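# Report on the structure
Single-letter residue listing:
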Amino acid sequence: MSKTFTIAIDGPAAAGKGTLSRRIADEYGFHHLDTGLTYRATAKALLDAGLALDDEQVAEKMAHKIELSGLNRDILSSHEIGEAASKIAVMPAVRRALVEAQRRFSERAPGTVLDGRDIGTVVCAGAPVKLYVTASPEVRAKRRYDEIIGKGGTADFDAIFEDVKRRDERDMGRADSPLKPAEDAHLLDTSEMSIEAAFQAAKSIIDAALSRNN
Ligand code: DC
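Only a predicted model underlies this, so the values are computations on that prediction, with no experimental measurement involved. (Residues numbered from 1 in each chain as written. Predicted model: local features only at pLDDT ≥ 70, side-chain atom pairs only at ≥ 80, totals over all residues. Heavy atoms only, no water.)

### Topic: the site of the ligand
- Not every one of the 14 residues close to the ligand is listed here, only the nearest: Arg40, Ser86, Arg95, Arg117 and Asp118.
- The separation between an oxygen atom of the ligand and a polar side-chain atom of Arg95 is 2.8 Å.
- With respect to the ligand, the side chain of Arg117 contributes an N or O atom lying 2.8 Å from an oxygen atom.
- For the ligand, whose unbound accessible area comes to 450 Å², protein coverage reaches 95%.
- Under a 2 Å grid-point criterion requiring more than half of the atoms, the pocket assigned to the ligand is the largest pocket.
- Elements with a minimum of two residues in the shell around the ligand: α2 (36–48), α5 (79–88) and α9 (157–173).
- If one sorts the elements of the shell around the ligand by residue count, α2 sits on top with three residues.
- Within the shell around the ligand, the residues separate by chemical class into three nonpolar, four polar and seven charged. (Near = heavy atom within 4 Å. Polar contact = N/O pair within 3.5 Å; in protein donor to acceptor, adjacent residues only side chain to side chain. Areas by Shrake-Rupley, 256 points an atom, 1.4 Å probe, with all protein chains shown as cover. 1 Å grid on protein atoms, 1.4 Å probe; cavity = no way out; pocket = protein on both sides within 12 Å on 5 of 7 lines; lining within 4 Å. Sits in = over half its atoms within 2 Å of the grid points. Helix = DSSP H or I, 4+ residues; strand = E, 2+ residues; numbered from the N terminus. Nonpolar A, V, L, I, M, F, W, Y, C, P; charged D, E, K, R; others polar.)

### With respect to the layout of surface pockets
- Its volume calculated, the largest pocket comes out at about 1,400 Å³.
- Together, 49 residues line the largest pocket, and Ala13, Ala14, Arg40, Arg144 and Glu147 are the ones closest to its centre.
- Looking at the lining of the largest pocket, the elements with two or more residues in it are α1 (17–28), α2, α4 (73–76), α5, β3 (112–116), α8 (137–150), α9 and α10 (195–213).
- The element contributing the most residues to the lining of the largest pocket is α1, with five residues.
- When its volume is computed, the second largest pocket comes out at roughly 150 Å³.
- Forming the boundary of the second largest pocket are Ala41, Lys44, Ala45, Met62, Lys65, Ile66, Glu67, Gly70, Leu71, Asn72, Ile75 and Leu76.
- Only α2, α3 (56–65) and α4 provide two or more residues apiece to the lining of the second largest pocket.
- The biggest single contributor to the lining of the second largest pocket is α2, with three residues.
- Of the residues belonging to the lining of the second largest pocket, the class tally is seven nonpolar, two polar and three charged. (Points joined across faces, edges and corners; volume = space filled by probe spheres on them.)

### Quick look at the packing of aromatic side chains
- One pass over the structure, following the stated rule, counts four aromatic pairs.
- Between Phe157 and Phe161 the ring centres are 5.9 Å apart and the planes differ by 15 degrees, which places this aromatic pair in the stacked class. Taken as a pair, Phe157 and Phe161 lie in helix α9 at a separation of four residues, close to a single helical turn.
- Classification of Phe157 by relative accessible area gives partly exposed; the value is 27%. (Phe/Tyr/Trp six-rings, centres within 6.5 Å; stacked < 30°, edge-to-face > 60°. Buried < 20%, exposed > 50% of the residue type's maximum accessible area, 1.4 Å probe, protein only.)

### Digging into the environment of Cys124
- Here Cys124 is to be found in the loop between α7 (119–123) and β4 (129–134).
- On the basis of relative accessibility, which here comes to 8%, the residue Cys124 falls in the buried class.
- For the pair Cys124 and Thr6, spaced 118 residues apart in the sequence, the C-alpha separation amounts to 7.7 Å.
- What Cys124 contacts, discounting residues up to four positions off in sequence, is Thr6, Ser106, Leu114, Ile119 and Lys130. (Contact = heavy atoms within 4.5 Å.)

### Focus on the pattern of salt bridges
- Counting across every chain of the model gives 18 salt bridges.
- Of the charged contacts, one joins Arg140 and Asp168 as a salt bridge, the two residues approaching to 2.6 Å between their closest N and O atoms. Taken as a pair, Arg140 in helix α8 and Asp168 in helix α9 lie far apart in primary sequence, 28 residues in all.
- A relative accessible area of 9% means that Asp168 is categorised as buried.
- Residues Asp163 and Arg166 are paired through a salt bridge, measuring 3.0 Å at the closest nitrogen-oxygen approach. Of the two residues, Asp163 and Arg166 both sit in helix α9, three residues apart, roughly one turn of that helix.
- For Asp163, a relative accessible area of 6% translates into the label buried.
- Residues joined by salt bridges that share partners form a network here, namely Glu83, Asp163, Arg166, Arg167 and Arg170. (Salt bridge = Lys/Arg side-chain N within 4 Å of Asp/Glu carboxyl O.)

In structure tokens:
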């Protein structure tokens with residue numbers, strides 16, 4: 001078996017890829033990186049410093065300072081930071097800096113799970129397992145809505161739905177590394193699938209690849 005084994009997971013916002021990725025990493029004892037957090041951390045650092053989000057050179061410098069060990073999902077999960085992250089994610093210099101750090105992470109032994117938008121197409125294009133996790137915009141908006149309501153908050157479904165569609169347009173429409181399935185990715189549509197069913201489907205794909213690799 002080679003030194004490490006990488007599982008690349010891509011898909012749009014709120015498709016369930018985060019939950020699935022963590023579950024897979026736990027199952028196989030692999031290191032997990034949510035690469036969206038690297039874009040979020042860069043955006044938050046700019047916001048905190050009162051710096052503009054449209055200056056590529058400034059954003060690139062921030063991106064180089066991001067420490068993967070310091071990424072905190074709770075601090076970075078806000079809607080405002082997500083919006084800012086998707087704006088700086090269109091900048092090639094920012095992407096180059098973050099992709100370099102992500103690639104280094106992907107080499108950790110015994111294996112890694114990276115999730116994001118361009119893992120199977122750019123960051124780990126040679127990964128032995130690529131999954132593209134998706135769900136309809138309506139289902140993704142409903143999941144986000146239920147999550148907020150479940151935590152006792154208030155939410156407006158139509159506003160969330162519009163937001164999901166706008167985020168998709170930005171992620172799929174950008175020139176550098178747009179969100180799309182790699183040619184050799186396995187598609188997992190979770191619109192009508194539980195997380196458990198998605199996990200079982202992913203597990204059989206991964207087990208088959210691991211036995212080919214041995
Ligand atoms: O998955 P997320 O919501 O945390 O991602 C935030 C933004 O970061 C998203 O709008 C697009 C960007 N992103 C990216 O361009 N490439 C990645 N590999 C991961 C996230």
